[in-house]
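Chain residues, written in single-letter form:
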Amino acid sequence: MAAPPLPPPDPQFVLRGAQSAVHALHFCEGAQGQGRPLLLSGSLRGLVHIWSLQTRRVVATLDGHGGQCVTWLQTLPQGPQLLSQGRDLKLCVWDLAEGRNAVVDSVLLESVGFCRGSVLAGGLQRWMLAVPGRGSDEVQILEMPSKTSVCSLKPEAQARPGMPMCLQLWQADSSPRPLLLAGYEDGSVALWDVSSRKVCSRVACHTEPVMGLDFDSQEARGVSGSAEKTLAVWSLDEQQALQVRGTHVLTNPGIADVKIRPDRRILAAAGWDHRVRVFHWRTMKPLAVLAFHSATVHCVAFAADGLLATGSGDQRISVWSLYPCT
Amino acid sequence: MAVFDTPEEAFGVLRPICVQLTKTQTVENVERLQAQLQVVSDSALQELQQYILFPLRFTLKTPGPKREHLIQSVVECITLVLSSTCVKEQELLQELFSELSACLYSPNSQKPAAASEELKLAVIQGLNEKVVVGSRAFADILSENLHSLATSLPRLMNSQDDQGRFSTLSLLLGYLKLLGPKVNFVLNSVAHLQRLSKALIQVLELDVTDIKIVEERHWNSEHLSTSPETSASRPWAQMQRRYFRFFTDERVFLLLRQVCQLLGFYGNLYLLVDHFMELYHESVVYRKQAAMILNELVVGAAGLGVENLHEKHIKTNPEELREIVTSILEEYTSQENWYLVTCLEAEEVGEELTMMRSGLQALASGAHTCQATSPPTFSKPSPTICSMNSNIWQICIQLEGIGHFAHALGIDFRLLLMSALYPVLEKAGDQTLLISQAAISAMMDICQACGYDSLQQLINQNSDYLVNGISLNLRHLSLHPHTPKVLEVMLQNSDASLLPLVADVVQDVLTTLDQFYDKRTTSFVSVLHALLAALEEQSDPPEVDENDTDPGVPPPLPVQIQIATDVMERCIHLMSDKSLKIRLKVLDVLDLCVVVLQSHKNQLLPLAHRAWPSLVHRLTNDDPLAVLRAFKVLRTLGGKCGDFLRSRFCKDVLPKLAGSLVSQAPISARAGPVYFHTLAFKLQLAVLQGLGPLCERLDLGEGDLNKVADACLIYLSAKQPVKLQEAARSFLIHKVKALGY
């Protein structure tokens, strides 16, 4: 007799109380001594909720975006500090140390786009920030915390990639030069050398806007999802040329976010079809379809220990413990 | 009752017997001295302490063979003196200590003295608390003694009577108290730990043959209004009365618990919990006892009810204790240990194959315990009853453990509520009386330990944890058939602040209901009823601020209106269910929906329109009980939307009802007493009773009213059964009122 199929996985637990659609998620591993990680969520109505994973309850609510959707959250090691980006065209820097939750600085953004920012935290003192720039196709690079503009990355006139949709700053182990991966409205992904302000390479991955991308710098391999029915896996060769390695066709169109787990074993893709799909990162073999939400899944995030959080238009955040972390 | 208060008086009384004892050392003389001591005041005793101890110590020290009984009575007498006085000189203390220790240990043989357990017990009690603990040589002696007692313990527990067991266990307790943290020397020996645990497991075996346990049923779920008792000073010490196979003396059980608590307090908790957890897993034969022991180990580890004689001993740290408790809790509430078959009713086991299968396994594996436990003199109850009893006790013991754990962790237990509260609440609604009692008492414990004023507050403030469990379990309803019950209890205890949370889970409930229409309708309809009852209680229609609303976009519906709309939608389908019980309940839910929706006519009227045909069917073609409920719904509806109802009622319902009243009248006029039991009679009565208040409420016109009145008039005849006459008269009074006379 054939073994019965494994039952579909269940969330470990579900966080309720965001009170509007969840658009951003980020695990904060907690400063030394604080132990338990926190989960941060950003909502459609502009609030950031800080959840204790120990009690599974909100420990603090941050209101800094005038009721406008919070699209991106990122913590910085110093402080600890939190960056939150909102559709109110503001990027807030929060001080979260010792239970404080005050805005200590903010950056005014010049583009209404949907593009989330990206951070490259080099030294403890200074860090680099990439955000959508003034021109609709531009990316602006700032040095923080001084907010000094480093440069603006504008594609050549004939390229016409449209708006930047998603960004990822990174640095190769071999070179100190900061690099930026950007997914564009026309479905292409480009690699920028920030210092020389030049596009190293650009490749068409999708026929629809790129909604999310993640990059595994050790394998020099990345993945992107778009409004269409495919996930694209691409790689970077030693000449820093991007190349599409393969595409993975999905049942339904629309991927809002993709994330590779820190141990680089699995990949999670947030679907407009209310589902989260999990793949083996090396082989892209589909491992599981997480069916729990009753609306579009807007964002996914992994904790250092492998815990997966997914945020949805149904106002819920589900937390999953899948395939033990290595 | 001291008669002699001054040392002078006391000396006069005690001197002769002390002299006598020094001369002739017999049990009788010791007992006489002991008797005299009872009438001497403590202060006088303190003055004469050394004088009285002299003949006693002299007896211990006299060379030559000693009769054990004499020694024992001497030691008991010394204990009495020491317990009422204070040893002020260091020298005396040391001498006494070594003299008493010698009774436990014979220096020549390098082995524990071959003294009886009673004697050792007397010595231990004499040494206990009054003597400085910490002598190394003494610890070695005790350790040696404990080793040997552990070895013989299983045999002693098996062969002794209750009095003997009491003495042996008292001795064991004494050793543990005196050894303190050094008890680990003994526990670290695998062989000795096994002997010790074997004895405990064996003696704690329950008698599970009592049929009443399975039979006692619990029907009422409105029991959660009680507040936790704060008067109990040692709440962890309370428990349900249980019956053991090998002993009846309650004191033996008390000692066993203390032994386990001391082990938990001084022993290596990880080692002990691992050991007894293994036994818990090993066999259903050990499971209940192992759980009892685990429960007490945790109580002891937290230092509850344990008097620490060893200042240097450090209690288990709270973080570690929490980890240990979490792991035990996980085990207790796991699918295979929490969902055991405890009754054979169809609604419990019949519906779900999965439940049935796991249940049968539990039955099969439980069967042989029972044969071992049945007393041979009585007719053997069926193994099924025994194994169900055994399962009931296992659940009760585990519930009791959860209550203990709460006290052990105190406010820290709040962190465990996310996993503990749901399973406990689930059992609070269990049909077996013993289980629901144990669950409620566990919840009381939790309230007290975590600082909640009432069970309602406990449930209310942790509804997020409950909703999480409910929503995840609804995904696998066949594995968790009691989920709707938990939601129902939660709803009964929730207030308006939980509305968003409730709204969230209601969507899950409705989705699940849509998938399981056939199988689980009863429990879901109960949930819907509890839900609407809660909404009705909380519904203060919020004032809509006209200035604030965008005229183009209709404002979003309030949560409770959205919920009531969704539920009423389902009621339309469920109103024609084949089960009368369900139809009745659905009519009640429908009635509540109408109440909640009264301020939202735009939602209510279309739904009422769709519900109408089925409602008419209930009124004109259903059981009398359903007719009455349907009338009630119409009355409620009539109060909210009379215009909508009036013409439809006069067109669709009134002629049929009036017609049937007219055609039935000659039959009931001729009928004998048997007729009162017929459906026809009950229907006549229901219609006559229902029409009056409804017609009044609907404000019917005179023409329509007269149609009904004509039908009712026939029933005023003296030939009609009295009840029908009364109902008709009552209707006509309503009519008079309706016409405004």
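Identification of chain B as TELO2-interacting protein 1 from Eschrichtius robustus is taken from an unreviewed UniProt entry.

Enquirer: How should the overall build of chain B be read in this particular structure?
Expert: Counting secondary structure elements, chain B contains 35 helices and two strands. In chain B, which comprises 741 residues, the share counted as buried stands at 55%. Within chain B, contacts between residues at least 6 apart in sequence are counted, and of these 78% link residues at least 24 apart.

Enquirer: Would you mind going over the interface of chain A and chain B with me for this structure?
Expert: Many descriptions give the size of an interface as the accessible area lost when the pieces come together. In this assembly, 15 residues from chain A lie in contact with 17 residues from chain B. Here chain A packs against chain B, burying approximately 1,400 Å² in sum over the two surfaces, 39% of which is carbon and sulfur. Sorting the residues of chain A by area buried against chain B places A:Asp10, A:Arg16 and A:Arg57 first, and these three jointly supply 41% of that buried surface. Seen at the junction of chain A and chain B, the total is six salt bridges. At the boundary of chain A and chain B, one finds 13 residue pairs in polar contact (both at pLDDT 80 or more). The residue inventory of the side of chain A that touches chain B, partitioned by class, reads six nonpolar, three polar and six charged.

Enquirer: Hey, could you run me through the domain arrangement of chain B in this one?
Expert: All names here are of chain B. Per the domain assignment, the segments making up chain B are domain 1 (1-131), domain 2 (462-541 + 557-641) and domain 3 (642-741). A separation of 30 Å is found between the C-alpha centroids of domain 2 and domain 3. Contacts between the two partners involve 21 residues from domain 2, matched on the other side by 22 residues from domain 3. Buried area between domain 2 and domain 3, both sides added, is near 1,800 Å², and the carbon and sulfur share of it is 77%. Among the residues of domain 2 in contact with domain 3, Trp612, Phe631 and Arg635 are the three that bury the most area, contributing 35% of the side total. One can count zero salt bridges joining domain 2 with domain 3. The tally of links between domain 2 and domain 3 comes to three residue pairs in polar contact (both at pLDDT 80 or more). Where the side of domain 2 that touches domain 3 is concerned, the elements lending two or more residues are helix 30 (601-620) and helix 31 (624-640). With 11 residues, helix 31 is the single largest residue contributor to the side of domain 2 that touches domain 3.

Enquirer: Would you mind going over the confidence of the model for chain B with me for this structure?
Expert: Close inspection of predicted coordinates is inappropriate for parts of the model with low pLDDT. All names here are of chain B. Averaged over every residue, the pLDDT of chain B is 82; the share at 70 or more is 84%. For chain B, the element scoring lowest by mean pLDDT is helix 19 (residues 353-373), at 39; helix 14 (residues 269-282) scores highest, at 96. Contacts from residues 106-113, a stretch scored under 50 in pLDDT, to residues over four places away or in other chains number 13 contacts. Interface confidence in the predicted complex, given as ipTM, is 0.89; pTM for the same model is 0.80.

Enquirer: How should I be thinking about the pattern of salt bridges in this particular structure?
Expert: In total, this model carries 34 salt bridges over all chains according to the counting rule given. A salt bridge links B:Glu569 to B:Arg610, with the shortest nitrogen-to-oxygen separation between them at 2.9 Å. Linking B:Glu569 in helix 28 (residues 559-574) with B:Arg610 in helix 30, this pair joins segments that are 41 residues apart in sequence. Each of A:Arg16, A:Arg316, B:Asp504 and B:Asp508 takes part in a single network of salt bridges with overlapping partners.

Enquirer: Looking at this model, I keep getting lost on unusual backbone geometry. Mind explaining?
Expert: Trans is the common state for peptide bonds, and a negative phi is the common state for residues other than glycine. Residues and elements named next belong to chain A. Each neighbour pair has its own omega, and for Met144 with Pro145 the value is 5°, a cis peptide bond. Mapped onto the elements of the fold, Pro145 is located in the loop between strand 12 (139-144) and strand 13 (148-153). Positive phi outside glycine occurs at Leu89, with the angle close to 65°. For Leu89, the position within the fold is in the loop between strand 7 (81-86) and strand 8 (90-95). Residue class for Leu89 comes out partly exposed when judged on its relative accessible area of 27%. Even without a glycine there, the phi angle at Ala220 is positive, about 55°. Locating Ala220 in the fold gives a position in the loop between strand 18 (210-216) and strand 19 (221-226).

Enquirer: Can you walk me through the packing of helix 1 (residues 7-23) of chain B against helix 4 (residues 49-61) of chain B in this structure?
Expert: Each pair of packed helices can be described by the angle between their axes along with the distance between the axes. Residues and elements named next belong to chain B. At their nearest, the axes of helix 1 and helix 4 sit 9 Å apart, and the two run at 15° to each other. On the basis of their axis angle, the class for helix 1 and helix 4 is roughly parallel. In this structure, the crossing between helix 1 and helix 4 has a hand that is left-handed. Contact residues: Phe11, Leu14, Arg15, Cys18, Val19, Leu21 and Thr22 in helix 1; Tyr51, Ile52, Phe54, Pro55, Leu56, Phe58 and Thr59 in helix 4. The residue inventory of the contact of helix 1 with helix 4, partitioned by class, reads 11 nonpolar, two polar and one charged.

Thresholds, definitions, all that
- Residues numbered from 1 in each chain as written.
- Chains lettered and ligands numbered in written order.
- Predicted model: local features only at pLDDT ≥ 70, side-chain atom pairs only at ≥ 80, totals over all residues.
- Heavy atoms only, no water.
- Helix = DSSP H or I, 4+ residues; strand = E, 2+ residues; numbered from the N terminus.
- Buried < 20%, exposed > 50% of the residue type's maximum accessible area, 1.4 Å probe, protein only.
- Contact = heavy atoms within 4.5 Å.
- Buried area = accessible area lost by both parts, 1.4 Å probe.
- Salt bridge = Lys/Arg side-chain N within 4 Å of Asp/Glu carboxyl O.
- Polar contact = N/O pair within 3.5 Å; in protein donor to acceptor, adjacent residues only side chain to side chain.
- Nonpolar A, V, L, I, M, F, W, Y, C, P; charged D, E, K, R; others polar.
- Domains from an automatic or database assignment.
- pLDDT = per-residue confidence, 0-100.
- Axes fitted to C-alpha atoms, helices over the stretch in contact; angles between N-to-C directions.
- Parallel < 35°, antiparallel > 145°, perpendicular 65-115°, else oblique.
- Left-handed = near helix turned anticlockwise from the far one by under 90°.

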